[in-house]
Amino acid sequence: MSAENTNGFIETQIENKIATITFSHPASNSFPSDLLQKLTEELNALSKNNEVNVIILQSEGKTFCAGASFDELLSITDFETGKKFFSGFANVINAMRKCSKIIIGKIQGKAVGGGVGLASACDFAFAYQDASIKLSEIGIGIGPFVIEPAVSRKIGKTAMTQLTLQPNNWQTADWAIEKGLYADIFDSYGDLDENTLAFAKKLASYNPEALAEMKKVFWEGTENWDQLLYERSAISGKLVLSDFTKNALSEFKK
């Protein structure tokens, strides 16, 4: 299956009970709204697919995900559009949370903003040694409001605070593994590929009902996210219209 637009695509391959979702976008694998919607729909469909026991989430190229589409961010001129834009990541995170399959993240490169949110919403993640992370949002006058619950759940409030308040600082993959974002890191892309697939095959051999029930246990206490993440989208939707953010984005574009 493949869902393409002129600027990127979402593609899913299913083999031996393992679904591999690959996303790609020329702008460092950033996400415009339509690709976020496609990813949400794909996750919801795979959740109900009895031919799938495990999902691998990956991207193409050297960067894992640069977060929200910068061009789309620049084009927002009213609150409703802003709220809808940020709801795109809320939809994906909620789809990952409620998906009945275990999701393994294969993080082959740097993750920024929403990309860190995606990695955090995976149930388990392997990474390449150069897969450093950064939350740059506060630097342009908004904040990582929508992804915060997913990131804090994975690495804790203290580490989340460190990331948020240092928007220009990259944290290494070693830091990310120490905080619990990654389960393991590898020195080569080959080792990353091999270990991710081996782990997925092992998981796919287990009782799918047991995995689905364990997934519910892993995400206990997040039932309020159906409301919370959209409230957070509204905060970002309001802030993106501020003079501070408009000026910061203009400077950034120059």
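Scroll up to find the structure this text is about.
Residues numbered from 1 in each chain as written. Predicted model: local features only at pLDDT ≥ 70, side-chain atom pairs only at ≥ 80, totals over all residues. Heavy atoms only, no water.

### Looking at the packing of helix H4 (residues 114-121) against helix H5 (residues 148-155)
Next, step 1: One way to put it is that H4 packs onto H5 with a least axis distance of 8 Å and a crossing angle of 55°. By the angle class used here, H4 and H5 are oblique. In the packing of H4 onto H5, the handedness of the crossing is left-handed. Across the interface between the two elements, Val-116, Gly-117, Ala-119 and Ser-120 of H4 pack against Ala-150, Val-151, Arg-153 and Lys-154 of H5.
Next, step 2: For the contact of H4 with H5, the per-class residue count stands at 4 nonpolar, 2 polar and 2 charged. (Axes fitted to C-alpha atoms, helices over the stretch in contact; angles between N-to-C directions. Helix = DSSP H or I, 4+ residues; strand = E, 2+ residues; numbered from the N terminus. Parallel < 35°, antiparallel > 145°, perpendicular 65-115°, else oblique. Left-handed = near helix turned anticlockwise from the far one by under 90°. Contact = heavy atoms within 4.5 Å. Nonpolar A, V, L, I, M, F, W, Y, C, P; charged D, E, K, R; others polar.)

### Comments concerning unusual backbone geometry
Keep in mind that most residues, glycine aside, have a negative phi and that most peptide bonds are trans.
Next, step 1: Positive phi values are uncommon outside glycine, yet Ser-28 reaches one of about 55°.
Next, step 2: Relative to the elements of secondary structure, Ser-28 occurs in the loop between strand E3 (18-24) and helix H1 (33-47).
Next, step 3: One non-glycine residue, Asn-29, adopts positive backbone phi at about 55°.
Next, step 4: By the element assignment, Asn-29 lies in the loop between E3 and H1.

### Digging into the state of the cysteines
Next, step 1: Applying the stated criterion across every chain yields a total of 0 disulfides.
Next, step 2: Just so you know, Cys-122 is unpaired, no disulfide at all, and the nearest cysteine sulfur is the one on Cys-99, 11 Å from it. (Disulfide = S-S within 2.5 Å.)

### Considerations on the nonpolar core
Next, step 1: Counting 61 residues, the largest nonpolar core has Phe-31, Leu-118 and Tyr-182 as its most contacted members.
Next, step 2: At 8 residues, the largest contribution of residues to this core is made by helix H3 (residues 79-98).
Next, step 3: Every residue in contact with Phe-31, bar those within four places of it in the chain, is listed here: Ile-10, Phe-23, Leu-36, Leu-39, Cys-65, Gly-67, Ala-68, Ser-69, Phe-89 and Leu-118.
Next, step 4: In this structure, Ile-102, Phe-126, Tyr-128 and Leu-192 belong to the second largest nonpolar core, which totals 14 residues. (Core = buried A, V, L, I, M, F, W, Y, C linked by side-chain atoms within 4.5 Å. Buried < 20%, exposed > 50% of the residue type's maximum accessible area, 1.4 Å probe, protein only.)

### Side note on the pairing of E3
Looking along a regular strand, one sees the side chains alternate between the two faces of the sheet.
Next, step 1: A large share of E3 lies buried, amounting to 7 of its 7 residues.
Next, step 2: Pairing analysis gives 7 bridges linking strand E2 (residues 8-15) to E3, with the strands arranged antiparallel. Paired with Thr-12 across the strands is Ile-21, a residue of E3.
Next, step 3: Joining the antiparallel neighbours E2 and E3 is a turn of 2 residues, in which Asn-16 adopts a positive phi near 50°.
Next, step 4: Sheet analysis places E3 next to strand E4 (residues 54-59), joined by 6 bridges and oriented parallel. Across the sheet, the residue bridging to Ile-18 is Val-54, located in E4.
Next, step 5: The parallel pair E3 and E4, bridged by H1, forms a crossover whose chirality is right-handed. (Pairing = 2+ DSSP bridges. Right-handed = clockwise from strand over helix to strand, strands pointing away.)

### Describing the packing of aromatic side chains
Next, step 1: Counted according to the given criterion, the structure contains 10 aromatic pairs.
Next, step 2: Aromatic side chains Phe-31 and Phe-89 sit 6.1 Å apart centroid to centroid with 80° between the ring planes, which places their arrangement in the edge-to-face category. One end of the pair, Phe-31, is in the loop between E3 and H1; the other, Phe-89, is in helix H3, and 58 residues separate them in sequence.
Next, step 3: With a relative accessible area of 7%, Phe-89 lands in the buried category.
Next, step 4: Considering the side-chain rings of Trp-219 and Trp-225, the 5.7 Å spacing of their centres and the 85° angle between planes classify their relative orientation as edge-to-face.
Next, step 5: With relative accessibility at 3%, the residue Trp-219 sits in the buried group.
Next, step 6: A network of ring pairs unites the aromatic residues Phe-23, Phe-31, Phe-64 and Phe-89 as a single cluster.
Next, step 7: The aromatic ring of Trp-170 is capped on one face by Lys-110, whose charged end is 4.5 Å from the ring centroid. (Phe/Tyr/Trp six-rings, centres within 6.5 Å; stacked < 30°, edge-to-face > 60°. Lys NZ or Arg CZ within 6 Å of the ring centre and 35° of its normal.)

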